[in-house]
Structure formats: C-alpha cells, structure tokens
Amino acid sequence: MPLPSHSQPIGSLSPSRLDRLECPARVAFEQAGPAAPQPPMGPSGMGEAVHLAMEHGVSGSPAGQAWADARDTMLQLGFDPDLQPNGRKTYRRFERTLALTLVRIEDFGGAKLLPEERIVSHDGLLEGQPDLVLVNSHGFLVVDYKTGFVVVDGETTAKYVRQLELYAYLVSERHHLDNGSAVLISLRDGLVEVDVCTAARSAAAALAREVRETYNDRCPGPQPPNPSLDNCMYCPHSCRCDAFWSTVNQTWVPSFGHAVGGTITSAPEISASGRAAMRVEGVQGTNHSGPLIIGNLPAAAVADAAVGSSVAACHLREQSSDPLVLVSSDRTVLEIDGYEATHGP
C-alpha cells in the first residue's frame, strides 16, 4: 500500500509519539486511520499487568494482593498473566522489584505521590504522563516502570533516558522545582538511575520541539518513511507499508519473525480445533518468493479469504522448511485484501 499522501499537524507531543517519529510515516499512518484497538497479549499484556501491580503495590497493597488485583483487571480483558510463559517467574521478579521500589520511595522522604499525572508544558507543545512522580520540599523524583531490560552493553537505552528527561522537564515546569532525579524500575535490571539535570532535560525538550516542528512543516503533505528493524518491530502498520516490504529481509527473522506478502492459492482448511491454514504464493517478505503455507490461524480470521485474495502477514515463526510452513505467534498481524484479519494468536 502506498504511504499516506496527507498528514496533519501534531498538537502536544508525548515521549511515546516522539519515539514513533523516528519514522514520520508511521505517525501519518496513525492519523490516516488508527490501528484497531487490540486486546492485551504476550509481552505487552504482561507489561500492562506489571504496571497495574506496581501501582497497587506503591499505593500500599502487599505484593501478593497487588498482583492478584492486577490479574483480576487483566482477566476482564481476556488476559491471564499467570498463564503466560514465565508468568510465575515474572511475579517473583515483581515481588523483588516492588520491595526495592518501596525502599527508594522511603529514602526520597516525605513525598507526595502523584501516579499517572498528565502534564502539559506551559506552551502546550509537550505532554507526558509519568508512571509515578514524587514531590517534596527539596525536589522531585520521576519513576518509570519497565518489564524488560533497560541496560544494554552497559548503557541505559537511549529512548528510555530521553523519556525520563522529558518527564523531568514537565515536572520541573509544573511544580516550579529545579532539583530533580529519575529512576527506571526494571524487573530485569532493578533500579537504574538516570541523570535529568537541568541541561539534560532542557536539551531533550528542545529536541522534541524541533522534531515536532519538522513534522508539522511537511503538513499537509506526505511524511517520509524510515523503515528499520527497530522502527518496524512494533509498528501495527507494517503490513500495509510499501517501504517496509522493500526493506524487510532474512536478517530480521531472529527478532522480528517472518513476513510474507502474496496471494492465496487455495481455500483455507479448518481443523477440528478451529485453527486454519492456507496455501500462499509468496512474492515479497523475508523468504524468497514461492509457495508456502501459513498455519495456526484462528478460523474467524480467514472467513473472508478466497483464492486470489492478497495476503500480508508479519511476525510469523517457521514450523518447517520443506514444505515451508509459517505459523502465527502472539504478535502476528494478518491482513487479507488490505483489511486486518487478526492480531495475535
């Protein structure tokens, strides 16, 4: 699918949208028609559960009760964190991390706790919603929860540093405080302090304003794509992006999984368990062109599939090579004739 031909000016810019502006075309896709909301699943679902549990724990609930309350909320959304791979291990990591977090909060001293407070800069150009902010008479502490690793090869991940710098800028402005600190609270790396001195947070805010202005200057015209493994990994628009298909290749498979674009060559076959498989003639993606099978799909996802329909799928895993069989994972996105048919297993 061609890239969107139009884009709209951005109002206030959040750290998460600033990350997505690494590929301006992705934001243009969002503006053209946001991806349909998806139920929590896989790592993102577990991340949501951990965030909820941390909120309950910081508010005073014991670890076990905090996890149970978070699980109850996620069950209403059709997601059970206890049944996920490493679910119990994640709970044990959460238990240890919560204890460290409570000590860090106590050490900060006499603070007012402000969870999930949305903050907009005085000029209206920047916004953010930190997981937790602590404020006392001496300064502030910004806290952000992460389920995965935040330190790679001894360096804190740059986008997480920038996120906290922007949060600190907003908090400093909102509460008229200059003395601030910030910490990433990771289930894998523990507590990782981030320097959010005045110079660092001012530089992050200036960069965000510049990126926003550059995007808006191109409006209402198209925005350029910047396809890469990092930028496309979690983009919900990859299946319909020509720039993605011209870039994705075999080197992405270990992290991204397989991607296939082609034509359905036989009617889908439905098993007794309600899973579907269909034969496809691949023409683009991580595999050389040729026949293959896409399997383990929900039957409902292929209800409108017909011989000759176009198909695009991302985040598939290889089950066999001869014949080539690719099956769905917990992140699979499948589109048939340009319409999203399924997201996830």
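Quick note: structure is the one above.
Here the structure is a predicted model, which is why all the values come from computation and not from measurement.

Novice: Is there a simple way to explain the overall build of the protein chain in this structure?
Specialist: Each helix and strand in the protein chain was counted, giving 10 helices and 16 strands. For the protein chain, whose C-alpha radius of gyration is 22 Å, the value lies close to the compact-globule estimate of 20 Å for 345 residues. Expressed as a percentage of its 345 residues, the buried residues of the protein chain come to 48%. For the protein chain, the exposed surface amounts to about 16100 Å²; the carbon and sulfur share of it is 52%.

Novice: Explain helix α5 (residues 87-108) to me, please; I cannot follow it from the model alone.
Specialist: Given 3.6 residues to a turn, an α-helix orients residues that are three or four positions apart in the same direction. Its 22 residues place the ends of α5 31 Å apart at the C-alpha level, agreeing with the 32 Å of an ideal helix rising 1.5 Å per residue. Residues of α5 that are buried include every one of Gly 87, Thr 90, Tyr 91, Arg 93, Phe 94, Thr 97, Leu 98, Thr 101, Arg 104, Ile 105 and Phe 108, and no others. Buried positions in α5, seen along its axis, are confined to an arc of 155 degrees and lie on one side of it. Exposed positions of α5 whose direction lies more than 90 degrees from the buried face are Arg 96, Glu 106 and Asp 107. Of the residues one or two after α5, Gly 109 is the one with positive phi, at around 85 degrees.

Novice: What am I meant to see in a positive patch on the surface here?
Specialist: Residues Lys 89, Arg 92, Arg 96 and Arg 188 make up a contiguous surface patch of positive charge. Position of Arg 188 among the secondary structure elements: in the loop between β8 (180-186) and β9 (190-194).

Novice: What is the right way to look at the packing of aromatic side chains in this model?
Specialist: Here the distance between the centres and the angle between the planes together describe a pair of aromatic rings. Summed over the entire model, instances satisfying the criterion amount to seven aromatic pairs. Centroid distance Phe 244 to Trp 245: 4.9 Å. Interplanar angle 75 degrees. Geometry classified as edge-to-face. Using a relative accessible area of 1% as the deciding quantity, one classes Phe 244 as buried. Judged by relative accessible area, Trp 245 falls into the buried class, the value being 8%. Members of the aromatic cluster, joined through ring pairs, are Phe 244, Trp 245, Trp 252 and Phe 256.

Novice: When you look at unusual backbone geometry in this model, what are you seeing that I'm missing?
Specialist: Trans peptide bonds make up most of the peptide bonds, and negative phi angles are found at most residues other than glycine. Following Cys 219, the chain continues into Pro 220 via a peptide bond in cis, with omega recorded as 5 degrees. Looking at the secondary structure, you find Pro 220 in the loop between α7 (198-218) and α8 (229-232). Cis geometry is adopted by the peptide bond preceding Pro 323, which originates at Asp 322 and carries an omega value of 0 degrees. Relative to the assigned elements, Pro 323 resides in the loop between β14 (310-321) and β15 (324-336). A positive phi is found at Asn 296, a non-glycine position, where the angle reads about 60 degrees. In this structure, Asn 296 sits in strand β13 (residues 290-298).

Novice: Would you explain the pattern of salt bridges in this entry?
Specialist: Close approach of charged atoms lets side chains of opposite charge pair. Evaluation of the coordinates by the stated rule reveals 15 salt bridges. The closest approach of N and O atoms between Asp 19 and Arg 162, which form a salt bridge, is 2.7 Å. Taken as a pair, Asp 19 in helix α1 (residues 15-20) and Arg 162 in helix α6 (residues 158-175) lie far apart in primary sequence, 143 residues in all. Given a relative accessible area of 26%, Asp 19 falls into the partly exposed group. Note that Glu 30 and Arg 26 form a salt bridge whose closest N and O atoms lie 3.9 Å from each other.

Novice: Which parts of the structure should I look at to understand the environment of Ala 25?
Specialist: Here Ala 25 shows up in helix α2 (residues 24-32). Judged by relative accessible area, which is 1%, Ala 25 ranks as buried. Every residue in contact with Ala 25, bar those within four places of it in the chain, is listed here: Leu 3, Gln 223, Pro 224 and Pro 225.

Novice: Which parts of the structure should I look at to understand the sheet that holds strand β1 (residues 112-115)?
Specialist: Either a parallel or an antiparallel arrangement is found when strands of a sheet pair, and the pairing is made through backbone hydrogen bonds. The strand order across the open sheet formed by five strands is β1-β4-β5-β8-β9, and the pairing between neighbours is mixed. Of all strands in the sheet, those bounded by a partner on one side alone are β1 and β9. Sheet twist, expressed as the mean angle between neighbouring strand axes with direction ignored, is 20 degrees. Direction of pairing for strand β5 (residues 139-146) relative to β8: parallel, over a ladder of seven bridges. Looking at β8, one finds that Leu 141 is bridged to Ser 181.

Novice: Where do I start with the packing of helix α3 (residues 42-58) against helix α4 (residues 63-76) in this structure?
Specialist: Helix packing geometry: the angle between the two helix axes and the distance between the axes. Axis separation between α3 and α4 bottoms out at 8 Å; the angle between their running directions is 135 degrees. Classed by the angle they form, the pair α3 and α4 counts as oblique. Here α3 and α4 pass one another in a crossing that is right-handed. In this structure, α3 contributes Gly 45, Met 46, Glu 48, Ala 49, Val 50, Leu 52, Ala 53, His 56 and Gly 57 to the contact, and α4 contributes Ala 66, Trp 67, Asp 69, Ala 70, Thr 73 and Met 74. Here the contact of α3 with α4 is composed, by residue class, of nine nonpolar, four polar and two charged.

Analysis parameters
Residues numbered from 1 in each chain as written. Predicted model: local features only at pLDDT ≥ 70, side-chain atom pairs only at ≥ 80, totals over all residues. Heavy atoms only, no water. Helix = DSSP H or I, 4+ residues; strand = E, 2+ residues; numbered from the N terminus. Rg over C-alpha atoms; globule rule 2.2 N^0.38 Å. Buried < 20%, exposed > 50% of the residue type's maximum accessible area, 1.4 Å probe, protein only. Areas by Shrake-Rupley, 256 points an atom, 1.4 Å probe, with all protein chains shown as cover. Expected span 1.5 Å × (residues − 1). Arc of directions from axis to C-beta. Patch = residues over 30% accessible without salt bridge, like charges linked within 9 Å, V, L, I, M, F, W, Y side chains within 5 Å. Salt bridge = Lys/Arg side-chain N within 4 Å of Asp/Glu carboxyl O. Lys, Arg positive; Asp, Glu negative; His and termini not counted. Charge placed at Lys NZ, Arg CZ, Asp CG, Glu CD. Phe/Tyr/Trp six-rings, centres within 6.5 Å; stacked < 30°, edge-to-face > 60°. Contact = heavy atoms within 4.5 Å. Pairing = 2+ DSSP bridges. Axes fitted to C-alpha atoms, helices over the stretch in contact; angles between N-to-C directions. Parallel < 35°, antiparallel > 145°, perpendicular 65-115°, else oblique. Left-handed = near helix turned anticlockwise from the far one by under 90°. Nonpolar A, V, L, I, M, F, W, Y, C, P; charged D, E, K, R; others polar.

Interpretation note: all reported values are geometric properties and have no functional meaning in isolation.
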